[in-house]
Amino acid sequence: DTGVSQDPRHKITKRGQNVTFRCDPISEHNRLYWYRQTLGQGPEFLTYFQNEAQLEKSRLLSDRFSAERPKGSFSTLEIQRTEQGDSAMYLCASSRNVGVTVHNEKLFFGSGTQLSVL
Amino acid sequence: AQTVTQSQPEMSVQEAETVTLSCTYDTSESDYYLFWYKQPPSRQMILVIRQEAYKQQNATENRFSVNFQKAAKSFSLKISDSQLGDAAMYFCAYRRVSGYALNFGKGTSLLVTP
């Protein structure tokens, strides 16, 4: 168990550029979440995958944001035409749950990707 | 929408002492889950303790315990015998039974002094 891995750890980009982040969940974890955390705030939910299916997206996830989880393993989060307001830490979390409902599952978080848009 | 409020931006405790972090939430649901997560400087969120709303008994995990007051919509975290390694941001979070998203509060920064 190597934990949830996120890459890169830091990303600096210019406004208008596209960026892509990668998350590798813990092996055999079928559930994967993306959260965004700005300075002085708690994480905000962005999206949720169960295996390869994206089952829920927050209204925070504008059409400039897209997330994928091909084959139900790693996931990518892409931000197109970045804006300064996109500067934040992007957290990935995973869990393993064989049931239909989420219940009080324990999420395992990665260390995040810190995005700075200049 | 459910909101989670942590009214203490910062708290300080001496090593070996006890500290209580406050959390209140707003919901119209009768069943839900509550969590406390710890975020050290490494940024990795770690689950500290969790509580099912339908359980009246307060959850405990070693030195960590909660005081869950459902009618008051209050969910405080008590850390006993505080250790230097407890220093971190602590986030209270709420999740609906049928939902996927965790709703987090703004966090409380805990400082532990020797």
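Parameters and conventions
- Residues numbered from 1 in each chain as written.
- Chains lettered and ligands numbered in written order.
- Predicted model: local features only at pLDDT ≥ 70, side-chain atom pairs only at ≥ 80, totals over all residues.
- Heavy atoms only, no water.
- Salt bridge = Lys/Arg side-chain N within 4 Å of Asp/Glu carboxyl O.
- Helix = DSSP H or I, 4+ residues; strand = E, 2+ residues; numbered from the N terminus.
- Buried < 20%, exposed > 50% of the residue type's maximum accessible area, 1.4 Å probe, protein only.
- Contact = heavy atoms within 4.5 Å.
- Buried area = accessible area lost by both parts, 1.4 Å probe.
- Polar contact = N/O pair within 3.5 Å; in protein donor to acceptor, adjacent residues only side chain to side chain.
- Pairing = 2+ DSSP bridges.
- Disulfide = S-S within 2.5 Å.
- Phe/Tyr/Trp six-rings, centres within 6.5 Å; stacked < 30°, edge-to-face > 60°.
- Lys NZ or Arg CZ within 6 Å of the ring centre and 35° of its normal.

## Description of the pattern of salt bridges
Alright, step 1. On inspection of all chains with the given rule, the structure shows 7 salt bridges over all chains.
Alright, step 2. B:D86 serves as the salt-bridge partner of B:R63, at 2.8 Å between the closest nitrogen and oxygen. Of this pair, B:R63 sits in the loop between β7 (60-61) and β8 (64-69) while B:D86 is found in the loop between β9 (74-79) and β10 (88-96), placing the two residues 23 residues apart along the sequence. Across this residue pair, the class does not change: B:R63 and B:D86 are buried.
Alright, step 3. Overlapping salt bridges, with partners in common, bring together A:R64, A:E83 and A:D86 in one network.

## Structural notes on the interface of chain B and chain A
Alright, step 1. Contacts between chain B and chain A engage 20 residues on the former and 28 residues on the latter.
Alright, step 2. Approximately 2,100 Å² of surface area, both sides summed, lies buried where chain B meets chain A, with 51% of it carried by carbon and sulfur atoms.
Alright, step 3. Among the residues chain B hides against chain A, the three largest losses belong to B:R43, B:R95 and B:Y100. Together they make up 34% of the total.
Alright, step 4. Counting the contacts that link chain B with chain A gives 0 salt bridges.
Alright, step 5. For the pair chain B and chain A, the number of links is 8 residue pairs in polar contact (both at pLDDT 80 or more).
Alright, step 6. Counting residues per element, the ones that place at least two in the side of chain B that touches chain A are β5 (32-39), β6 (46-52) and β10 of chain B.
Alright, step 7. If one sorts the elements of the side of chain B that touches chain A by residue count, β5(B) sits on top with 4 residues.

## Looking at the pairing of β6(B)
Residues and elements named next belong to chain B.
Alright, step 1. Of all 7 residues making up β6, 5 are buried, and the element is well covered by its neighbours.
Alright, step 2. Relative to β6, β5 runs antiparallel, the two being bridged by 6 bridges. Within β6, the position partnered with Y33 by the bridge is E52.
Alright, step 3. Hairpin connection of β5 to β6: 6 residues between the antiparallel strands, including R43 at a positive phi of 80 degrees.

## Regarding the environment of B:T24
Alright, step 1. Structurally, B:T24 can be placed in strand β4 (residues 24-26).
Alright, step 2. Measuring from C-alpha to C-alpha, the distance between B:T24 and B:S74 comes to 4.4 Å, with 50 residues separating the pair along the chain.

## Some points on the state of the cysteines
Residues and elements named next belong to chain A.
Alright, step 1. Applying the stated rule across the entire model yields 2 disulfides over all chains.
Alright, step 2. Paired through a disulfide, C23 and C92 show a sulfur-sulfur distance of 1.9 Å. One quick way to see it: the torsion about the S-S bond of C23 and C92 is about -70 degrees, and its sign makes the bridge left-handed. With C23 in strand β3 (residues 19-24) and C92 in strand β9 (residues 88-95), this pair connects stretches of sequence that are 69 residues apart.

## With respect to the environment of B:D31
Residues and elements named next belong to chain B.
Alright, step 1. Relative to the assigned elements, D31 resides in the loop between β4 and β5.
Alright, step 2. Separated by 65 residues in the primary sequence, D31 and R96 place their C-alpha atoms 7.3 Å from one another.
Alright, step 3. When near neighbours in sequence (up to four residues on either side) are disregarded, D31 contacts A53, Y54 and V97.

## Description of the packing of aromatic side chains
Alright, step 1. A complete count under the given rule lists 16 aromatic pairs over all chains for this structure.
Alright, step 2. For the ring pair A:F109 and B:Y37, a centre distance of 5.6 Å and an interplane angle of 80 degrees mean the geometry is edge-to-face. One end of the pair, A:F109, is in strand β10 (residues 108-109); the other, B:Y37, is in strand β5, on a second chain.
Alright, step 3. The buried category is assigned to A:F109, whose relative accessible area is 1%.
Alright, step 4. B:Y37 sits in the buried class, given a relative accessible area of 0%.
Alright, step 5. Plain terms: the ring middles of B:Y25 and B:Y32 are 5.3 Å apart, the flat faces sit at 65 degrees to each other, and that makes the pair edge-to-face.
Alright, step 6. Judged by its relative accessible area of 5%, B:Y25 is buried.
Alright, step 7. Residue B:Y32 is classed as buried on the basis of its relative accessible area, which comes to 1%.
Alright, step 8. Here the basic side chain of A:R22 rests over the ring of A:F74, its NZ or CZ set 3.9 Å away from the ring centre.

Keep in mind these numbers describe shape, not what the thing actually does.
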